Amino acid sequence: MMTTDPQQLQRPSVIRALWKALRPRHWLKNLLVFVPMLAGHAISVHTALQSLVAFVAFCLCASSAYLLNDVLDAEDDRRHPGKRHRPVASGALPAGLARVASGLLALIALGLCAHYGWLLLLAVAIYFAATVTYSVYLKRLMMVDTVMLALLHTLRVLGGCAATGIEPSFWLLAFSFFLFLSLALLKRHSELFNLDRAGKQKTSGRGYTTADRQPIGMLGINSAIVSVVIFMLYFNSENVLKLYHHPAWLFGIVPLAMLWLGRLWMLSFRGEVNEDPLLYVSKDPVSLLVIAACTALGAAAV
């Protein structure tokens, strides 16, 4: 007669739960480290490998922060209709194992950066410290949380600069901040829409109520417009003449950007953006088509 060890049955499920808790789909956000290489027209195997190192480091750090966040938020997540299925909140992943894995991932990421160079180490260390601070406290503060999310995404761009040695331009950083601020506000707006639809007034662990939905929407739409205006002003900078032979093609990106951002906000007001906007974009056919068209216009300008 064959006997089955209960631990052997549990081990694969724990590994699956750990993999899910790492949120590998969210690693798509770390592709932002490749932006400096593309924006600076420094496309080569060497810069691609440098950016890849930054990508790996940010993925490890992000997953470390996600694990820590899930441990800290376990009680709040259990009361949330969607987040209660997260591995730590549901009990599929032991909190102790999540803490150990979080620490190991952070050490590996920082060790990789230390071996590579001090600039990347500084960028990733600041990102990790900011992420932990956000998870522990800042995410509970109204507006502070969305500004911090915008800064965390912009830090990914700076991480790509640190890895490749490409100097970041004012235009890239300003555009990135306001674009990511708009998307962070869109995320909060969508959450509050769903909260209001569920008949609740306030969510646990956040500094917002459903009454904040309209002002958040106004701030988010204005941030989107500011990002497009910054891109338009970029046409008159010296950088354009240095990098592009046919800069007039870039103007076609302006209406496409307004179409894309306006559509996202319209969908948010309808309650149809039910996840992180960057992840929503990654599987939205219209968004992918707009991104492809903007890429083609950028290539034509070069």
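Computed from a prediction, not measured in an experiment: that's the story for all the values here.

## Description of the domain arrangement of the protein
Phase 1 of the analysis: Taken domain by domain, the protein holds domain 1 (13-139) and domain 2 (169-301).
Phase 2 of the analysis: On a C-alpha basis, the centroid separation for the pair domain 1 and domain 2 is 23 Å.
Phase 3 of the analysis: Opposite the 16 residues of domain 1 that make contact, domain 2 presents 16 residues.
Phase 4 of the analysis: Roughly 1300 Å² is buried in total at the junction of domain 1 and domain 2, and carbon and sulfur atoms are behind 52% of that figure.

## Comments concerning the state of the cysteines
Phase 1 of the analysis: One pass over the full model with this rule turns up 0 disulfides.
Phase 2 of the analysis: Not engaged in a disulfide, the cysteine Cys59 finds its nearest cysteine sulfur in Cys61; these two sulfurs lie 10 Å apart.
Phase 3 of the analysis: Judged by relative accessible area, Cys59 falls into the buried class, the value being 6%.
Phase 4 of the analysis: Cys113 provides the cysteine sulfur closest to Cys161, a residue in no disulfide bond, and the two sulfurs are 15 Å apart.

## Side note on helix H7 (residues 118-136)
Phase 1 of the analysis: An ideal rise of 1.5 Å per residue puts 27 Å on 19 residues; H7 measures up with 26 Å between its terminal C-alpha atoms.
Phase 2 of the analysis: Along H7, the residues that are buried comprise Leu120, Ala123, Val124, Tyr127, Phe128, Ala130, Thr131, Tyr134 and Ser135. For H7, the buried positions fall inside an angular range of 165° around the axis, keeping them on one side.
Phase 3 of the analysis: Summarising the contacts, the buried residues of H7 are in contact with helix H3 (45-72), helix H6 (95-116), helix H8 (144-164) and helix H9 (170-197).

## Some remarks on the packing of aromatic side chains
Each aromatic ring pair is specified by the distance between its two centres and by the angle formed by the two planes.
Phase 1 of the analysis: Applying the stated criterion to the full structure yields 11 aromatic pairs.
Phase 2 of the analysis: Their ring planes at 90° and their centres at 5.7 Å tell us that Trp19 and Trp27 sit as a pair that is edge-to-face.
Phase 3 of the analysis: For Trp27, a relative accessible area of 22% gives the class partly exposed.
Phase 4 of the analysis: Aromatic pair Phe58 and Tyr127: ring centres 5.0 Å apart, planes at 65°, arrangement edge-to-face. Pair noted here: Phe58 is in helix H3 and Tyr127 is in helix H7, with a separation of 69 residues, a long-range link.
Phase 5 of the analysis: By relative accessible area, Phe58 is classed as buried at 0%.
Phase 6 of the analysis: Three or more aromatic residues link up through ring pairs in this structure, and these residues are Phe170, Trp171, Phe175, Phe231, Tyr234, Phe235 and Phe251.

## Regarding the pattern of salt bridges
Phase 1 of the analysis: Following the criterion strictly, the structure yields 8 salt bridges and no others.
Phase 2 of the analysis: Two residues, Asp276 and Lys187, come together in a salt bridge whose shortest N-O distance is 3.9 Å. With Asp276 in the loop between helix H12 (253-270) and helix H13 (277-281) and Lys187 in helix H9, this residue pair connects regions lying 89 residues apart in the sequence.
Phase 3 of the analysis: A salt bridge links Asp284 to Arg263; its shortest N-O distance comes to 2.7 Å. Taken together, the residues Asp284 in the loop between H13 and helix H14 (285-301) and Arg263 in helix H12 connect sequence positions 21 residues apart.
Phase 4 of the analysis: Residues joined in a network through salt bridges with shared partners are Arg23, Asp70 and Arg86.

Criteria and cut-off values
- Residues numbered from 1 in each chain as written.
- Predicted model: local features only at pLDDT ≥ 70, side-chain atom pairs only at ≥ 80, totals over all residues.
- Heavy atoms only, no water.
- Domains from an automatic or database assignment.
- Contact = heavy atoms within 4.5 Å.
- Buried area = accessible area lost by both parts, 1.4 Å probe.
- Disulfide = S-S within 2.5 Å.
- Buried < 20%, exposed > 50% of the residue type's maximum accessible area, 1.4 Å probe, protein only.
- Helix = DSSP H or I, 4+ residues; strand = E, 2+ residues; numbered from the N terminus.
- Expected span 1.5 Å × (residues − 1).
- Arc of directions from axis to C-beta.
- Phe/Tyr/Trp six-rings, centres within 6.5 Å; stacked < 30°, edge-to-face > 60°.
- Salt bridge = Lys/Arg side-chain N within 4 Å of Asp/Glu carboxyl O.

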